[in-house]
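Understanding the architecture of this molecule
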Amino acid sequence: MGPSAPDSWNLYDTPMTSRLWMGSSHFPNWNVFASACELAKPGFITLSLRRQTATGGQSYWKLIRSLDIPILPNTAGCFSAHEAIQLAEISRDTFETDWIKVEVIADEQSLHPEGPELIRACEVLIQKGFKVLPYCSDDLSICKALTDVGCRALMPLGAPIGTGLGLLNPFNLERLRYRFPKIPLILDAGLGKPSQATQVMEMGFDAVLLNTAISQSVNPAEMALAFLEAVSAGHRAFKAVPMPAQPNAQPSTPSMDMPIGDYRVGAELYGN
Amino acid sequence: MSKDSNIQIQINHKPTHLPYSMTLAQWVEHQTLELPVALILNNQFIPKGEWAQHLLTDGDHIDLLSPIQGG
């Protein structure tokens, strides 16, 4: 593959090219959101369903359709498997897509993902033919249980939703990459800066999902582009395989035939 | 289609009079919506393919869901 050739990856047998997905919340206005999308060219835009008036969401939907970017409905706000399954089925019927980002929240304050209820929801939804993308913790046992019930991708968090704290537990994330080498990993939640996206892509993650890191920046369009470049840099670095870290310094410039500072020259000068 | 101006339903808890007796499918058509919606009739989700089979009656409650931004 040449240095500038695009590469693709597979998600539920679907070829993907973009490694940056975007949420659509908290943008100052729809024009800013559209500009960010046009620059970042996200592989998915996440959205949800809520009770609204008949015209509520109309301008939003019109914009989403005009961007011509695949949509990824979520089950945000669900606190049980039953709720998540129900909202997933409503979303599939409404949006006519099998893709679903499954969120089952355990705690209202931290928005930390549930464990057993999430696993149960994913198991049922996979049996119903959904392409399930579980928003999960970085806990190995939960991730293993999710793959055991048929999840063919995982979306572990970097930090709590919307915090911008970055990768709170890089060790766990690296272990997930090592433990599930063939499962697409999409870092979901908690990123705040492009360098954090680079870091997780350097670990070998397949993509990142971003929302507030872009929408809450002062210049969302510029930040979207910065994240796009950061994701690309991290992925390229992963493919290039970084050098192993080592404790001792190694001179970059050869020390042989040094024109000055040679011990023998010094000995002659100072008569030692 | 029978005329019946006495049918009052609730849309997202807001009372609405139907101009005539109609199915869910006809009600949606009447709204000229330009976005996908989900309908929950009396706490039961009704898939799009079944809208034409549900005749609205007085006192029915529809929860109308539509797309909203999400992360």
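Look above for the structure.
In this text, all values refer to a predicted model and were calculated from it rather than measured experimentally.

**With respect to the overall build of chain B**
For chain B, the count of helices and strands is 1 helix and 5 strands. For chain B, the sequential pattern of α-helices and β-strands runs β-β-α-β-β-β. Computed over its C-alpha atoms, the radius of gyration of chain B comes to 12 Å, within 12% of the 11 Å expected for a compact globule of 71 residues. A principal-axis box enclosing the C-alpha atoms of chain B has dimensions of 45 × 25 × 20 Å.

**Let's talk about the packing of helix H1 (residues 30–40) of chain A against helix H2 (residues 58–67) of chain A**
Describing two packed helices takes the angle between their axes plus the distance from one axis to the other. Residues and elements named next belong to chain A. Packing of H1 against H2 brings their axes to within 11 Å, and their N-to-C directions diverge by 20 degrees. If you check the angle between H1 and H2, you find them roughly parallel. In the crossing of H1 with H2, the sense of the turn from one axis to the other is right-handed. Facing H1, whose interface residues are Trp30, Phe33, Ala34, Cys37 and Glu38, H2 presents Ser59, Tyr60, Leu63, Ile64 and Leu67. A breakdown of the residues in the contact of H1 with H2 according to their chemical character gives 8 nonpolar, 1 polar and 1 charged.

**A few points about helix H6 (residues 170–179) of chain A**
All names here are of chain A. Considered for burial, the residues of H6 that qualify are Leu173, Leu176 and Arg177. Within H6, the buried residues cover an arc of 100 degrees as seen down the axis, which keeps them to one side. In this structure, H6 carries Phe171 and Tyr178 as exposed residues pointing more than 90 degrees from its buried face. Of the surrounding secondary structure, the elements contacted by the buried residues of H6 are helix H5 (140–148), strand S8 (155–156), strand S9 (186–188) and helix H7 (194–202).

**Section: the side chain of A:Arg177**
All names here are of chain A. Secondary-structure assignment places Arg177 in helix H6. Of the residues examined, Arg177 reaches a relative accessible area of 11% and is grouped as buried. In this structure the side chain of Arg177 is engaged in a polar contact, spanning 2.7 Å, whose partner is the backbone oxygen of Ile183. A polar side-chain atom of Arg177 sits 2.9 Å from a polar atom in the side chain of Asp206. When residues no more than four places from it in sequence are discounted, the contact partners of Arg177 are Lys182, Ile183, Leu185, Met203, Gly204, Phe205 and Asp206.

**Focus: the side chain of A:Asp7**
Residues and elements named next belong to chain A. Examined against the element boundaries, Asp7 turns out to sit in the segment before strand S1 (9–11). In this structure the side chain of Asp7 is engaged in a polar contact, spanning 3.5 Å, whose partner is the side chain of Arg19. A distance of 3.4 Å separates polar atoms of two side chains, one belonging to Asp7 and the other to Lys239.

**A closer look at the interface of chain A and chain B**
In this complex, chain A contributes 28 residues to the contact, which on the side of chain B involves 22 residues. In this assembly, chain A packs against chain B so that about 2,200 Å² is buried in total across both faces, 57% of it on carbon and sulfur atoms. Scanning the region where chain A abuts chain B turns up 2 salt bridges. Residues A:Arg51 and B:Asp63 are paired through a salt bridge, measuring 2.8 Å at the closest nitrogen-oxygen approach. Put simply, the parts of the chain that give the side of chain A that touches chain B at least two residues each are strand S4 (45–51), H2 and helix H3 (81–95) of chain A. Residue composition of the side of chain A that touches chain B, grouped by class: 8 nonpolar, 13 polar and 7 charged. Across 5 bridges, S4(A) lies against strand S5 (residues 61–69) of chain B in antiparallel orientation. By the bridge assignment, A:Arg51 is partnered in S5(B) with B:Leu65.

The rules behind the values
Residues numbered from 1 in each chain as written. Chains lettered and ligands numbered in written order. Predicted model: local features only at pLDDT ≥ 70, side-chain atom pairs only at ≥ 80, totals over all residues. Heavy atoms only, no water. Helix = DSSP H or I, 4+ residues; strand = E, 2+ residues; numbered from the N terminus. Rg over C-alpha atoms; globule rule 2.2 N^0.38 Å. Axes fitted to C-alpha atoms, helices over the stretch in contact; angles between N-to-C directions. Parallel < 35°, antiparallel > 145°, perpendicular 65-115°, else oblique. Left-handed = near helix turned anticlockwise from the far one by under 90°. Contact = heavy atoms within 4.5 Å. Nonpolar A, V, L, I, M, F, W, Y, C, P; charged D, E, K, R; others polar. Buried < 20%, exposed > 50% of the residue type's maximum accessible area, 1.4 Å probe, protein only. Arc of directions from axis to C-beta. Polar contact = N/O pair within 3.5 Å; in protein donor to acceptor, adjacent residues only side chain to side chain. Buried area = accessible area lost by both parts, 1.4 Å probe. Salt bridge = Lys/Arg side-chain N within 4 Å of Asp/Glu carboxyl O. Pairing = 2+ DSSP bridges.

What is shown is where atoms sit, not what they do.
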